[in-house]
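Observations on chain architecture
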Amino acid sequence: MKKTIISVLAAIITFTFGYSQTFSDISVRATLEEAGDTTHKMQIYPLLFYVNHRIELENYDSDTLVLTLKKGDYNKMFKDFFFQELEVSLEKEGTPVVLEYFFDGEQLKIPIEIKNSVVNVSYLFQSDFGMKNSSTTVLYLTPFMNEWHSWYFVNDDIPIKSLTVNVPDNLTFYSNVSSVKKGNIYELDVENTTADPNISLYFLDNEYYEKKTFENSGVKCNVQLLKGVIVDTIQHNMKDSIIVYPDNRITTDYEKKVKETVNNSLKHLVSIFGVENIDEINIVEASLSLELDNDSIYTWGRQFNMNDKQSVILIDTSYWDKNSVQHELVHSFDAVSVPKTDSSHYFFSESLVEYLSLTIKYGSEDKIDSVFQKILPKIDKMGYEIDSLPSIFTATENLLNLAGIGNEINIVIYQKVPLLLHNFAKEVGYERFVMNLCKFYHIANSEKMMNMQLFEKYMRQGIAISDEKWRLFIKSL
Ligand SMILES: [Zn+2]
């Protein structure tokens, strides 16, 4: 592989907001700058977004336009770093007139003298992702995850009308909003989303990836295998320059392991869920971990739907060796969601998914036992006792985030409840319990309904469990 100094990437995004007659457009241009060209920009990440937000006001009934950034732990402190070169202007007879504004990292307040006017807000955006993720991930994956860090300003009275993203050929683009691709332009369907849809964009640098496609039971699976990153120092213009370039970590064995994992999991999942909800799954490998203050490492992954029947999974490379890939794959197949307002939300949306993924990955009582035997001492070391942890049905928020807080409820969701499910399975007969669980998922997905009654109905089938025993089991979760 020829060593190159970070090359240039470019992307253009255009946004339109609309509220009755009041609407706005945002256009974003992303570039990957030459290393060293930082004379007027405090740039630490390769991909920069130049954002232009055009707001067309008609009979606007306030003298101040307030735009808000909803998420961003560091915004208040580092607003000039994330939102550089912020400028606000008013279009007056076609000429821009620079406006004064107030920006505290959360709110942008713009005085509006004319009720019918066009206001332009422009800035250079950098994601705080690099501060939330260790390693060189930002070199090949640039996520603009609005739920973690707002990359665009919102006004709840001005819903987003349209959004287009221009993606250059050297990048692969994913978003949690469905889109139509026309050439290099992605037109995102934001009209049917809520006022604050948390539009997230993800860009991969193709140079760092090898795309492999597997097909199983009619489901296409694109796996973006990460080549890895080499960071090196060379003499450039008589001085030391840091260069980065793709590694070559994908071996034939690695590829084989990935293919086997994907195929085995898909075979299993198709037999439970069928293929009604899914056509295509995109799995993207990356280094997704963060060192927390307490010396532990937080590794994360996520699943979202890009288009109808098209799922995207972001995983840490270590996920192939655990049941975490299967966990995200279950999310791709399971189309039934229990509302967040329901007390069983986290039980169904995460704990049960986690247990099903364990049964898919390990396939036997003993193997799952050994997984828990490794987890339990860790929980103990953190000072938690399984029996005294809160009930899953009181969980209102999956608090684990990149600040590393919310360990307790996270342990309940991903460890305590799956463990209790497994203990109960062993008590009543593992094979039958897992068979019932698969049947429950099959029925729930064909009836598009998931609740505790349906769960009880199928889980107790063919197993002698008294009402009292079942009640105590559910209560223990
Ligand atoms: Zn999950």
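Residues numbered from 1 in each chain as written. Predicted model: local features only at pLDDT ≥ 70, side-chain atom pairs only at ≥ 80, totals over all residues.

1. Concerning the overall build of the protein
Each helix and strand in the protein was counted, giving 10 helices and 24 strands. Of all 477 residues assigned to the protein, the portion counted as buried reaches 34%. (Helix = DSSP H or I, 4+ residues; strand = E, 2+ residues; numbered from the N terminus. Buried ≥ 20, exposed ≤ 12 C-beta atoms within 10 Å, placed from the backbone.)

2. Comments concerning unusual backbone geometry
Phi at E85 takes a positive value of approximately 55 degrees, unusual for a residue other than glycine. Mapped onto the elements of the fold, E85 is located in strand 5 (residues 83–92). Judged by C-beta crowding, with 12 C-beta atoms within 10 Å, E85 ranks as exposed. Despite not being glycine, K448 shows a phi value in the positive range, around 50 degrees. Looking at the secondary structure, you find K448 in the loop between helix 8 (430–447) and helix 9 (452–459). Classification of K448 by C-beta neighbours within 10 Å gives exposed; the count is 10.

3. Some details on the packing of helix 3 (residues 252–273) against helix 4 (residues 324–333)
Two elements in contact, helix 3 and helix 4, have axes separated by 10 Å at closest approach and are oriented at 35 degrees. Crossing angle aside, the handedness with which helix 3 passes helix 4 is right-handed. Packed against helix 3, whose contacting residues are T261, S265, L269 and F273, the element helix 4 presents V325, Q326, L329, V330 and F333 at the interface. In terms of residue class, the contact of helix 3 with helix 4 is made up of six nonpolar, three polar and no charged. (Axes fitted to C-alpha atoms, helices over the stretch in contact; angles between N-to-C directions. Left-handed = near helix turned anticlockwise from the far one by under 90°. Contact = placed C-beta atoms within 7 Å. Nonpolar A, V, L, I, M, F, W, Y, C, P; charged D, E, K, R; others polar.)

4. Some points on the pairing of strand 14 (residues 185–188)
Residues Y186 and L188 point to one face of strand 14 and are all buried, whereas I185 and E187, pointing to the other face, are not buried. Here strand 11 (residues 160–166) runs beside strand 14; their pairing, made up of four bridges, is antiparallel. Among the inter-strand pairings, V165 is bridged to a residue of strand 14, identified as Y186. Judged from the four bridges that link them, strand 13 (residues 179–182) and strand 14 form a sheet pairing that is antiparallel. (Pairing = 2+ DSSP bridges.)

5. Regarding the environment of L356
Summarising the element assignment, L356 is placed in helix 5 (residues 345–362). The class of L356 is buried, set by 26 C-beta atoms lying within 10 Å. Taking the C-alpha atoms as reference points, L356 and Y441, separated by 85 residues in sequence, lie 9.5 Å from one another.

6. Topic: the sheet that holds strand 23 (residues 302–307)
The sheet built from five strands is open, its strands ordered 16-17-20-24-23 with mixed pairing. Looking at the sheet topology across the chains shown, the edges are occupied by strand 16 (209–216) and strand 23. Shown here is a sheet whose adjacent strand axes are inclined to one another by a mean of 20 degrees, direction ignored. Strand direction decides the pairing type here: strand 17 (residues 219–226) and strand 20 (residues 280–286), joined by five bridges, are parallel. Paired with N222 across the two strands is N282, which belongs to strand 20.

7. Concerning the sheet that holds strand 10 (residues 141–144)
Spatially, 10-15-12 is the arrangement adopted by the three strands of the open sheet, whose pairing is antiparallel. At either margin of the open sheet sits one strand with a lone partner, and together these are strand 10 and strand 12 (171–175). Across the sheet, the mean angle separating the axes of adjacent strands is 15 degrees when strand polarity is ignored.

8. A few points about the nonpolar core
If you look at the biggest cluster of nonpolar residues, it comprises 99 residues, and the most contacted ones within it are F125, L356 and I413. Counting residues per element, this core draws most heavily on helix 5, at nine residues. When residues of this core are assigned to domains, at least three map to each of domain 1 (9–199) and domain 2 (336–477). Filtering out sequence-adjacent residues up to four positions away, L356 remains in contact with V330, L437 and Y441. (Core = buried A, V, L, I, M, F, W, Y, C linked by C-beta atoms within 7 Å. Domains from an automatic or database assignment.)

9. Describing the confidence of the model for the protein
Confidence in the prediction of the protein, expressed as mean pLDDT, is 84, and 87% of residues score 70 or more. Long-range and interchain partners of residues 1–20, a stretch whose pLDDT sits below 50, account for 77 contacts in this model, where long-range means more than four residues apart. Scored below 50 in pLDDT, residues 401–405 makes nine contacts in the model with residues more than four places away or belonging to other chains. (pLDDT = per-residue confidence, 0-100.)

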